[in-house]
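The lines below spell out each chain.
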Amino acid sequence: MSTSDVLHRQLDRRLPTVVSGSGPYLVDDEGRRYLDASGGAAVSCLGHDHPRVVEAIARQASRVAFAHTSMLTNAPMEELAHRLIDAAPPGIARVAFLSGGSEAVEAALKLARQYFMEIGQPERRYVIARHQSYHGNTLGALSVSGHAARRAFYAPFLAQNVAHIPPCYAYRHQAPDETPEAYGLRAADALEAKILELGAGTVAAFIAEPIVGATLGAVPAVPGYFRRVREICDRHGVLFIADEVMCGMGRSGTLFAMEQEGAVPDLITVAKGLAAGYQPLGALLVGQRIVEAIAAGSGALAHGHTYMGHAIACAAGVAVFDAIREEGLLHNVRRLGGLLEDGLRARFGQHPHVGDIRGRGLLWALELVESRDDKRPFPRAARLHAAFKETAMRHGLICYPSGGTADGLEGDHVLLAPPYNAEPAHIEEIVELVGKALSTVL
Ligand code: PLP
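Each residue is numbered by its place in its chain's sequence as written, counting from 1. Only residues with pLDDT of at least 70 are given local features in this predicted model, and only at 80 or more are side-chain atom pairs given and counted; all residues enter the totals for whole chains, interfaces and linings.

1. Points about the overall build of the chain
Stage number 1. Think of it this way: any DSSP run of H or I at least four residues long counts as a helix, any run of E at least two long counts as a strand, and we number them from the N terminus. When you go through the chain residue by residue, the secondary structure sums to 15 helices and 17 strands.
Stage number 2. By the compact-globule yardstick of 22 Å for 442 residues, the chain fits well, its C-alpha radius of gyration being 21 Å.
Stage number 3. Dimensions of the chain, computed from the C-alpha atoms along their principal axes, are close to 60 × 60 × 45 Å.
Stage number 4. Residue burial is a threshold on neighbouring C-beta atoms within 10 Å of the residue's own C-beta, all placed from the backbone, with 20 or more meaning buried, 12 or fewer meaning exposed, and counts in between meaning partly exposed. Among the 442 residues that make up the chain, the fraction classed as buried is 50%. Radius of gyration: C-alpha atoms only; globule rule: 2.2 Å multiplied by the number of residues to the exponent 0.38.

Written out as structure tokens, the structure is:
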């Protein structure tokens, strides 16, 4: 038992204390330096100590920090909304600002339900999500998450009107004689089957991560999957929520990951990269018809939190957005992403315990398996991710290993999400340190 008064996530070990950060590196109180190759959990997309963001926060704090958004608006919130709407897919009309990803997902689910109440369709009461997904840890967001291990304790508290379909996970579900396109259509058609099973006219929304992050590790959908999803949602009057909390704000190589899918969602959630970890900030982008229905109906959001639209958090968001644009970082994400992919494939492509290497932009993962031949995961008792995280840190690397949404359905994975402004040498160092950790653990 540690002597800390903080109720840490792990009670059985003492965590190093971080004291400073610069670029992609963090330093602890014993002077150890870590290459932060995952921005924690894909958060720190500009690395640490970015002067533009630090200055924006200080400037806003000296003007005004907090004023309740049911009474007053503030300039940074308006400016950030304007930038996001300008950059968002057509049809997205307004933005609400929350304090993180789970809150953004809660707001999306509640707004979907409010929309159908406003337009006189109260029988639309189901949400469809996907197995092995992660949408957050508050009870609503956890209800739609398909992460068995995280749900286990709370089953009686979770919303009942949620159904799950399989994810689009080609490494495990694409048949050997199937093209990616045919697999994508088959995977998407599971949505239509579920809508019909629940009853056409009873489903409010479908929620999915364009690139599955925390649970499976950087799994993009195959081409055509989300176009088919959009068609199915349109056919049955179902709202499509794209959860871009992890893969949005440039992480995929475009500002929104859905830009690469040829389909426009009705609601988009973003968080992590939005303020790059400099402030807690999430956002919900909302389609025109939803805004119009509320304006013509009750005229008010039924949902809200005290810290919505916090001026300092939004000021950080504006500075991050401008840095991404003015420093040409989307281009950098694509360029460095190519280097990271090449490095991972060259180094681990034939590794006996690396079953799959996948990702997009600067979001990449290795799936670790006991047997490459039959893709057999390591047994639960031997799950590696905790050991991998500790070993990597001993080697001076921060990455985001995870695994175990449900026994036997997937291997452990190691997620990498370096900052958009990293240098090619950092990418080489990441591959090198992952190799060291892997050979120590396996
Ligand atoms: N949605 C997705 C896709 C996520 O990856 C996460 C966090 O990992 C969340 C929602 C929850 O975000 P937060 O941890 O900021 O509440």
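2. Structural notes on the environment of histidine 164
Stage number 1. With respect to the helices and strands, histidine 164 occurs in strand E6 (residues 162–165).
Stage number 2. Taking the C-alpha atoms as reference, histidine 164 lies 21 Å from methionine 258; in sequence the two are 94 residues apart.
Stage number 3. By the convention adopted here, residues make contact when the C-beta atoms placed from their backbones lie within 7 Å. Leaving out residues up to four positions away in the same chain, histidine 164 has contacts with Ala129, Arg130, His131 and Gly146.

3. Topic: the domain arrangement of the chain
Stage number 1. Considered domain by domain, the chain is made up of domain 1 (18–49 + 328–441) and domain 2 (54–326).
Stage number 2. Counting residues at the interface gives 35 residues for domain 1 and 33 residues for domain 2.
Stage number 3. Breaking the side of domain 1 that touches domain 2 down by element, the ones donating at least two residues are helix H1 (39–42), helix H13 (329–348), strand E13 (354–360), strand E14 (363–368) and strand E17 (412–416).
Stage number 4. Ranked by the residues each element gives to the side of domain 1 that touches domain 2, the list is headed by H13, at five residues.
Stage number 5. Class assignment for the residues of the side of domain 1 that touches domain 2 results in 17 nonpolar, ten polar and eight charged. All domain edges in this entry derive from an automatic or database-based domain assignment. By the convention adopted, Pro, Cys, Tyr, Trp, Phe, Met, Ile, Leu, Val and Ala count as nonpolar, Lys, Arg, Asp and Glu as charged, and the other residues, Gly among them, as polar.

4. Section: the nonpolar core
Proteins that are soluble and globular tend to have nonpolar side chains buried together.
Stage number 1. We define a nonpolar core as a collection of buried residues of the types Ala, Val, Leu, Ile, Met, Phe, Trp, Tyr and Cys that are connected via C-beta atoms lying within 7 Å of each other. Core analysis: the largest hydrophobic core is formed by 137 residues, its most contacted members being Phe206, Ala283, Leu284, Ala316 and Val320.
Stage number 2. For this core, the leading source of residues is helix H12 (residues 311–326), giving twelve residues.
Stage number 3. When residues are assigned to domains, this core turns out to be shared by domain 1 (18–49 + 328–441) and domain 2 (54–326), each giving three or more.

5. Digging into the sheet that holds E17
Stage number 1. The four strands are arranged E13-E14-E17-E16 in an open sheet whose pairing can be described as antiparallel. The open sheet is flanked by E13 and strand E16 (400–402), the only strands paired with a single partner. If you compare each strand with its neighbour and ignore which way they point, the axes differ by 20 degrees on average.
Stage number 2. One requirement defines pairing of two strands: DSSP has to find at least two bridges between them. Pairing analysis gives three bridges linking E16 to E17, with the strands arranged antiparallel. Bridged to proline 401 within E17 is valine 414. Think of each axis as a best-fit line through the C-alpha atoms, taken over the contacting stretch in the case of a helix, with angles from 0 to 180 degrees between the N-to-C directions.

6. Considerations on the packing of helix H4 (residues 101–118) against helix H11 (residues 288–296)
Stage number 1. Between H4 and H11, the least distance of the axes is 9 Å, while the angle of their chain directions is 55 degrees. The orientation of H4 with respect to H11, classified from their angle, is oblique. Considering only the axes of H4 and H11, their crossing is left-handed. For the pair formed by H4 and H11, the contact residues are Leu111, Gln114, Tyr115 and Glu118 on the first element and Ile290, Ala293 and Ile294 on the second.
Stage number 2. Of the residues belonging to the contact of H4 with H11, the class tally is five nonpolar, one polar and one charged. By definition in this entry, angles of less than 35 degrees are roughly parallel, angles greater than 145 are roughly antiparallel, angles of 65 to 115 are roughly perpendicular, and the rest are oblique. Should the near helix be turned anticlockwise from the far one by less than a right angle, the crossing is left-handed, and should it be turned clockwise, the crossing is right-handed.

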